[in-house]
Amino acid sequence: FNCKVSVLAPQAQSTPKRVFESMETSISQMMNTRRWTALNFSPQERIDCNMLLTINEQSGTTTYKGTLQVIYSRPVYGSDYMSPVVDILDNNVQFTFLENTQIEFAPERFTNNLSSVIAFYAYYILGVDADTYSPNGGSDFYAQAQTVVTNAQNASESGWKAFEDQKNRYWLIDNQQQAAFRPLRDFLYEYHRDGFDAMGTDVAGGRKACAAA
């Protein structure tokens, strides 16, 4: 990834600014230095995305609550245009963070809530990105995001369980894998690959494919 991370804390005036700068650095390092897939990406092929973490409450010296906005736009072949694909606002992010520590993530188990939330959206973006380049190409990444959700079922923090809300991480990845929503995944490919990417050589045909999608 080439992920730009921003941490805002308008409601936590008593906490030193360096704590949130450390948080920003740790999330950036997790996103941008971790090898998320077995695929090989050159530096220019890294996926550009943005994460904006807003801290709304601090209930202890290391315990935080807030929102996370995740934005991903896909580059269009042969142009400098970025097509918006993902813009999600997660309103229920709770976690603990100790200044100047790395965020540890283990795919096979739940380690802590912050690492699981970040990993979930990393795999989700990978899945959506892959869907735009090949028909249903993101299935393996969605399965990995599903594993993150499964491992977090006993977590004390919310956002992972079906009964908590109709719009949370559980339902986001569940819906993405349901047959009923397969047309949305088909659209991601047809709109971007057959539509936008084709406009470099066939503008009219690309527009027609976008409209059809």
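Above this text sits the structure in question.
Described below are features of the structure shown in this document. Since the model is a prediction, treat every value here as computed from it, not as a measurement. (Residues numbered from 1 in each chain as written. Predicted model: local features only at pLDDT ≥ 70, side-chain atom pairs only at ≥ 80, totals over all residues. Heavy atoms only, no water.)

Looking only at helices and strands, the chain has 6 helices and 4 strands in total. Overall, the chain shows an N-to-C arrangement of helices and strands of β-α-β-β-β-α-α-α-α-α. When the backbone C-alpha atoms are referred to their principal axes, the chain occupies close to 60 × 35 × 30 Å. Looking at the 213 residues of the chain, the share that counts as buried comes to 43%. (Helix = DSSP H or I, 4+ residues; strand = E, 2+ residues; numbered from the N terminus. Buried < 20%, exposed > 50% of the residue type's maximum accessible area, 1.4 Å probe, protein only.)

Along helix 6 (residues 203–212), the positions that sit buried rather than exposed are Gly206, Ala209 and Cys210. Buried residues in helix 6, looked at end-on, bunch into an arc of 100 degrees, giving them a common side. Along helix 6, the residues that are exposed and aim more than 90 degrees away from the buried face are Ala204, Arg207, Lys208, Ala211 and Ala212. Where helix 6 is buried, its residues contact helix 5 (182–196). (Arc of directions from axis to C-beta. Contact = heavy atoms within 4.5 Å.)

Read across the open sheet, the 4 strands follow the order 1-2-3-4; overall the sheet is mixed. The open sheet has two edge strands, strand 1 (2–8) and strand 4 (82–96), and neither has a second partner. Across the sheet, the axes of successive neighbouring strands diverge by a mean angle of 15 degrees, strand direction being ignored. Helix 1 (residues 17–33) contacts strand 1, strand 2 (48–58), strand 3 (63–75) and strand 4 of the sheet and is inclined by roughly 160 degrees relative to strand 1. Lying on the sheet, helix 2 (residues 113–133) is in contact with strand 2, strand 3 and strand 4; it crosses strand 3 at an angle near 15 degrees. (Pairing = 2+ DSSP bridges. Axes fitted to C-alpha atoms, helices over the stretch in contact; angles between N-to-C directions.)

The final tally for this structure, using the stated rule, is 7 salt bridges. A salt bridge links Asp197 to Arg74, with the nearest nitrogen and oxygen atoms 2.6 Å apart. Note that Asp197 is positioned in the loop between helix 5 and helix 6 and Arg74 in strand 3, a separation of 123 residues in sequence. Exposure class is identical for Asp197 and Arg74. Each is buried. Its salt-bridge partner being Glu164, residue Lys161 comes within 3.8 Å of it at the nearest N-O pair. Its relative accessible area of 12% is what places Lys161 among the buried residues. Overlapping salt bridges, with partners in common, bring together Arg74, Arg193 and Asp197 in one network. (Salt bridge = Lys/Arg side-chain N within 4 Å of Asp/Glu carboxyl O.)

Now for the packing of helix 2 against helix 5. The contact between helix 2 and helix 5 brings their axes to 6 Å, and the two run at 55 degrees. Relative to helix 5, the element helix 2 lies oblique. Crossing handedness for the pair helix 2 and helix 5: right-handed. Here helix 2 contributes Val128, Asp131, Thr132 and Tyr133 to the contact with helix 5, which in turn contributes Arg185, Leu188, Tyr189, His192 and Arg193. A breakdown of the residues in the contact of helix 2 with helix 5 according to their chemical character gives 4 nonpolar, 2 polar and 3 charged. (Parallel < 35°, antiparallel > 145°, perpendicular 65-115°, else oblique. Left-handed = near helix turned anticlockwise from the far one by under 90°. Nonpolar A, V, L, I, M, F, W, Y, C, P; charged D, E, K, R; others polar.)

Relative to strand 3, strand 2 runs antiparallel, the two being bridged by 9 bridges. For Leu52, the partnering residue across the bridge sits in strand 3 and is Gln69. What sits between strand 2 and strand 3 in their antiparallel hairpin is a turn of 4 residues. One ladder, built from 12 bridges, connects strand 3 with strand 4; its direction is antiparallel. For Leu68, the partnering residue across the bridge sits in strand 4 and is Asp90. Here strand 3 hands over to strand 4 after 6 residues, with Gly78 in that stretch at a positive phi of 75 degrees.

Turning to the layout of surface pockets, a few remarks are in order. Put simply, the largest pocket is a space of about 320 Å³. In terms of lining residues, the largest pocket is bounded by 17 residues, among which Leu89, Asp90, Lys167, Asn168 and Arg169 are the most central. Within the residue set of the lining of the largest pocket, elements represented by two or more residues are strand 4 and helix 4 (169–177). Looking at the lining of the largest pocket residue by residue, the class counts come to 5 nonpolar, 7 polar and 5 charged. (1 Å grid on protein atoms, 1.4 Å probe; cavity = no way out; pocket = protein on both sides within 12 Å on 5 of 7 lines; lining within 4 Å. Points joined across faces, edges and corners; volume = space filled by probe spheres on them.)

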